[in-house]
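For reference, the chains in residue letters:
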Amino acid sequence: MITTAMDNPDTHSGVSNAKLGVWLFLCSEIMLFATLFTSYIVLRTGASSWPWGWDALNVPLGTLNTAILISSSVTIVMAYARAYDKDVKGFRLWMGLTLLLSFAFLVVKGFEYHGEFAKGIWPSTSLFYACYFTLTGLHGIHILGGIVVNSSLLYMSFKKEHWDNPLFLGRVEGAGLYWHFVDIVWIFLFPALYLL
Amino acid sequence: MNIYGWGLPVAASTYAQKIDFGIWLIHAAMIAIFVLWGIFFTYLLVKYRKRDGVPAVRDDHDETPAKISVPDSFSKFPFAQILYKHQGELKSLAPDLIVMLFEVGLIVFYAVPVWSRIKMQMPDKKDAVEIRVEAEQFGWNVRYPGPDGKFGRTKPELVHFSNPIGLDRTDPASADDVVVGNELRLPLGKPALIELTSKDVIHDFFVPEFRIKQDIVPGMEIPLWIQPTRVGHYELACAQLCGFGHSLMRGDVYVQSPADFSAWLKSRAAAAPAAPKPVKPSEDF
Amino acid sequence: MSGDSNGHGAHEPSFWRKYVFSVDHKVIGLQYMMTAMSFLMVGFALMLLMRWQLAWPGAPIPFFGRLFPPDLAPNGVMSGEFYNSLGAMHGTIMVFLGVVPLAVGAYGNYLLPLQIGAPDMAFPRLNMASYWLFLGGGLLMLSSFMMPGGAAQSGWTSYPPLSIINPGQTVWLFSMVLIITSSLLGSINFLVTAMNMRAPGMSLWRLPVFCWAQMVTSVLLLLAFPPLEAAAFLQVMDRVFHTSFYMPKGLVVLGHVSTVSGGGQPLLWEHLFWFLAHPEVYVLVLPPMGIVAEIIANNTRKPLHGYKTIVVSMISIGVMSFLVWAHHMFISGMSPALSNFFLVTTMIISVPSVAILTCLIFSLKGGSIRFTTPMLYALAFLPLFGIGGLTGLPLGLTVTDIYLHDTYYVIGHFHFVVVTGSILALLGGTYHWFPKWFGRKMNDTLGKVHFWGSVVCMIGVFGPMFPMGLAGASRRLYDPTAQVHNLIVQPLNVVSTVFAYGLFLFQLPFIWNFFHSMFRGEKTEENPWHATTLEWACPSPPPHGNFDKTPRVHRGPYEYSAPGRKTDYWMQTDPA
């Protein structure tokens, strides 16, 4: 005996479980990053001196990464649209592209970190670099999480049983929501750290 | 020193009595509220205990407000109708209203003015004895400016067990500074302006008799003032967990007559070492 | 949804699948209950050790003293470091591993789906994951006693720079991250379940108060825990990578000049910590209030007075609890002008709390009160929680807080709230829902012995703390007699300790009763208390999938003694 939410239109929010769950998860993620941004503002306004982002960081690489992430948001939307039309090949193509772009982001980030380490700069060097490494590092962990989710979706797309499952599309949508969120965090991070 | 007892310790500063007034007033109100509620509660338990053949009775307001009929006399006043229909819920807010009025009174006439008197209106430097207290694990370094009235420079690198606050004795202003450990002396009747700093972790400046308590946060200079009203020997205790020796972190507070106080200060200033050669930070500490 | 429901009604699962790695919300609820109650006992045991040191400072601990390694307790006498570890771990374990998992993980998991008429949680596998994360975090926390450096010693509040200098803190931080993740997953699950899985006819205004309490609690956990997670992350950075988010420049620790770059702010941590920890207080309190409301409605045999008032008050407590955090920081060195704002919000949040208590007391009026064992707990909750609430008044008022802050008065206040409030209600809930969990009743006589013994001992433990606090005795003192002004109230420490050991003895009948009744207790029917809510409309214990067929809900949750009916209860599922 299975009761599903859809059976009870009068007592259900109109949003599927998975989607509601993802939105609630994003609420908590917003609180997480809001806290970090607030701490950044508090520490920066309280500091006696603070370097300019463009003096201390590699702005061209950061800009490149911004472009990469924004394009990956486009490709994941395309992947969702293909999945909506049950276009298996199209979905694999666009999802594969998304994954490629996210790896590219991490590689560029790796070069950036490497450049700083080579100059002898570590998180303990100054409060500015502590903020920089912590915020971008945490964002990088979120990118990794997104890669895990997206590649498992890509893996699932090779099995027909998943295409028959009505939940599959919802999972792609959830992954897309999460990926957009990660993208938006970067869009706040980039100017806050590199440009201001 | 027979000044500790049950209840609040002796009141030895100008604002101690104001704080005590609040504590007694709130406790009187609390006890009154608790006793009244207790009586009502006990009455309900006895009156409405389960008895055979006596069923529970639902109140009018247990029904949904829509089902409650309103007397005709209210027909012209829609607002009154709403109030009438929700009277059950409103009744349960009555104790709230009383508590709230009491709280508003407390805030407006007591908490805000007294708080700003104690924590925000510092005495003028000209009229006050200036003192700096630097806390460390697990002791108090009390510093008086000496005859010149100026505090000298300090450097963290100079900290040594013979120089606990890292006083730079090459600075002329610091040559006559008086530093005492775990001992705070205050003149009677004169405001003392104390600047609190910490060398390592968060400590807390607490003298029960003065009713004053202030966290000392490293990296911040936090001002505090006391005007003692009673000669005596009190205790300065750390009230914020600061490590394994936290409970041992205490000092003595002596409130003395102004004459005794300046005599003591003079004798200590004379004993202060005059510009010794700077001590290097030690590796063997 | 079939993918998420994991094949209810399919073939009989294996032992491991059924009792250990189960995805059934009822099994997970009971796992939470057993684990959380064990952690409560551990936290309690730590407190018994501390109470020995507080009552007789410097005296060797009898029997157990020699069992501890000599660096913790040389010659059986507790060291200052060990005392601080016990204090920090007592607070952490009781709050994060005891009361919250019991109130939310155990009661919420078991009862929320039943009370809304759902077959299970919205995400059963996620539910299992939150339990195992919680257990992992808890065991890691406990294991920190055995690790090099020992357990955390900076209080459950972990104020830097002390927490960054002291050993043992890193493990604490990592296990907190696990526990926080577990709570986040759990609260997402609860909210989706409550929003999407309600049975037909179960509109929001027909939800039992307990469900509302769980929903508000979940929102608090969802929004308040991430800031602590972020703050903990920064503290990990400070400890492991030597950054200085919380470290100011120029520290000299025990003669050593600190080498970190500096520029950080210790107060930042205090703000972030209390931004979580104040809502956390309401997480500790709201679900027990919900339990008390259920028990009172059932045992007065009449509807709750002001159901909507209670619900709206709970929601407004939830909203307001995000605006009061800095009343823990009046004397922390933050701007004194800011204190006035938090003073006002603190007084505002007391309004809905008083409204809930008033409604619960007014609910007794006109009733036919059955003094069953669970009802005794619910009734004791009202005045004792009242003491906890009232004594919060002088602490929430800026001026009186100057003196009472960080004294034993604070300890007395929040233990009256959490122990004689929350824990008492949670114990009452055990007696109330035990028939549902195991199909058997707990022994009434033992239950009453447990009740009276516990209540008297709890008052004996925490009551003396108020005069101690008024005399100026500070909290967290390893040796209270080291400060002269504490000497006169030292006998009260002895009183408190004696009652604490008494409290321990009175838990033994409960433990025996619990396990004995599980197998040998008097068998009961589906609805032994003649209650109205949905969990009593399915078999005891409910099978996998809960209800034979989807229940239909026809009325509100507390239709007791409705006029013109033969029985004095009218279940939510009764068609007419």
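Procedures and definitions
Residues numbered from 1 in each chain as written. Chains lettered and ligands numbered in written order. Predicted model: local features only at pLDDT ≥ 70, side-chain atom pairs only at ≥ 80, totals over all residues. Helix = DSSP H or I, 4+ residues; strand = E, 2+ residues; numbered from the N terminus. Rg over C-alpha atoms; globule rule 2.2 N^0.38 Å. Buried ≥ 20, exposed ≤ 12 C-beta atoms within 10 Å, placed from the backbone. Contact = placed C-beta atoms within 7 Å. Nonpolar A, V, L, I, M, F, W, Y, C, P; charged D, E, K, R; others polar. Pairing = 2+ DSSP bridges. Axes fitted to C-alpha atoms, helices over the stretch in contact; angles between N-to-C directions. pLDDT = per-residue confidence, 0-100. Expected span 1.5 Å × (residues − 1). Arc of directions from axis to C-beta. Domains from an automatic or database assignment. Core = buried A, V, L, I, M, F, W, Y, C linked by C-beta atoms within 7 Å.

With respect to the overall build of chain C
Reasoning step 1: Tallying secondary structure elements over chain C gives 19 helices and 2 strands in all.
Reasoning step 2: Whereas a compact globule of 576 residues would reach a radius of gyration of roughly 25 Å, chain C reaches 24 Å, a difference of no more than 12%.
Reasoning step 3: Based on the C-alpha atoms only, the size of chain C along its principal axes is roughly 80 × 50 × 50 Å.
Reasoning step 4: Out of the 576 residues belonging to chain C, those deemed buried represent 64%.

Here we look at the overall build of chain B
Reasoning step 1: For chain B, the count of helices and strands is 6 helices and 10 strands.
Reasoning step 2: When each of the 285 residues of chain B is scored for burial, the buried share is 35%.
Reasoning step 3: Expressed as a percentage of contacts within chain B between residues at least 6 apart in sequence, the contacts between residues at least 24 apart total 66%.

Some details on the interface of chain C and chain A
Reasoning step 1: Contacts between chain C and chain A engage 49 residues on the former and 36 residues on the latter.
Reasoning step 2: The element contributing the most residues to the side of chain C that touches chain A is helix 8 (residues 209–240) of chain C, with 10 residues.
Reasoning step 3: Class assignment for the residues of the side of chain C that touches chain A results in 28 nonpolar, 16 polar and 5 charged.

Some points on the interface of chain C and chain B
Reasoning step 1: If you look at the interface, chain C gives 88 residues, while chain B gives 84 residues.
Reasoning step 2: Of the residues forming the side of chain C that touches chain B, the biggest block, 15 residues, is contributed by helix 11 (residues 336–362) of chain C.
Reasoning step 3: Looking at the side of chain C that touches chain B residue by residue, the class counts come to 47 nonpolar, 30 polar and 11 charged.

Looking at the sheet that holds strand 2 (residues 139–144) of chain B
All names here are of chain B.
Reasoning step 1: Read across the sheet, 5 strands follow the order 3-2-1-5-8 without closing on themselves; strand pairing throughout is mixed. The outermost strands of the open sheet, each flanked by one partner alone, are strand 3 (178–181) and strand 8 (222–226). Taking each pair of neighbouring strands and ignoring which way they run, the sheet shows an average axis angle of 25°.
Reasoning step 2: As defined by bridge partners, strand 2 adjoins strand 3 across 4 bridges and the pair is classed as antiparallel.

As for the confidence of the model for chain B
Reasoning step 1: Looking at chain B, the pLDDT average stands at 86 and 89% of residues meet or exceed 70.
Reasoning step 2: Confidence drops under pLDDT 50 across residues 275–285 of chain B; counting only partners more than four residues distant or on other chains, this segment forms 16 contacts.

Quick notes on helix 19 (residues 508–520) of chain C
Residue and element names in this part refer to chain C.
Reasoning step 1: The end-to-end C-alpha separation of helix 19 is 17 Å, in line with the 18 Å expected for 13 residues at 1.5 Å each.
Reasoning step 2: Those residues of helix 19 not exposed but buried are Pro509, Phe510, Asn513, Phe514 and Ser517. Looking straight down helix 19, one finds that the buried residues subtend no more than 135° of arc, so they occupy a single side. Along helix 19, the residues that are exposed and aim more than 90 degrees away from the buried face are Ile511, Phe515, Phe519 and Arg520.

Some remarks on the domain arrangement of chain B
Reasoning step 1: Here chain B is described as being made up of domain 1 (16–47 + 56–120) and domain 2 (129–271).
Reasoning step 2: Computed over C-alpha atoms, the centres of domain 1 of chain B and domain 2 of chain B are 47 Å apart.

A few points about the pairing of strand 10 (residues 250–256) of chain B
Residue and element names in this part refer to chain B.
Reasoning step 1: Burial along strand 10 is one-sided: the face carrying Gly251, Val253 and Val255 is buried and the face carrying Arg250, Asp252, Tyr254 and Gln256 is not.
Reasoning step 2: Direction of pairing for strand 4 (residues 183–187) relative to strand 10: parallel, over a ladder of 5 bridges. Paired with Pro187 across the bridge in strand 10 is Gln256.
Reasoning step 3: In this structure, strand 9 (residues 232–238) lies alongside strand 10, joined through 6 bridges in antiparallel fashion.

So, the environment of Gly306(C)
Reasoning step 1: When you line up the elements, Gly306(C) lands in the loop between helix 9 (266–300) and helix 10 (307–320).
Reasoning step 2: A count of 26 C-beta atoms within 10 Å places Gly306(C) in the buried class.

Thoughts on the sheet that holds strand 9 of chain B
Residue and element names in this part refer to chain B.
Reasoning step 1: Spatial strand order, 4-10-9-6-7: 5 strands in an open sheet with mixed pairing. On the outer flanks of this sheet lie strand 4 and strand 7 (212–216), each paired with one strand and no other. Ignoring strand direction, the axes of neighbouring strands in this sheet form an average angle of 20°.
Reasoning step 2: Here helix 6 (residues 258–271) sits on the sheet in contact with strand 4 and strand 10, set at roughly 135° to strand 4.

Brief notes about the nonpolar core
Reasoning step 1: Ile116(C), Val292(C), Ala293(C), Tyr377(C) and Phe381(C) are the most contacted members of the largest nonpolar core, which has 299 residues in total.
Reasoning step 2: Broken down by element, this core gets its largest block of residues, 21 residues, from helix 4 (residues 80–116) of chain C.
Reasoning step 3: Summarising the domain contributions, this core has at least three residues from each of domain 1 (16–47 + 56–120) and domain 2 (129–271) of chain B.
Reasoning step 4: Leaving out residues up to four positions away in the same chain, Ile116(C) has contacts with Ala194(C), Met197(C), Arg198(C), Ala199(C), Met202(C), Leu207(C), Cys211(C) and Leu534(C).

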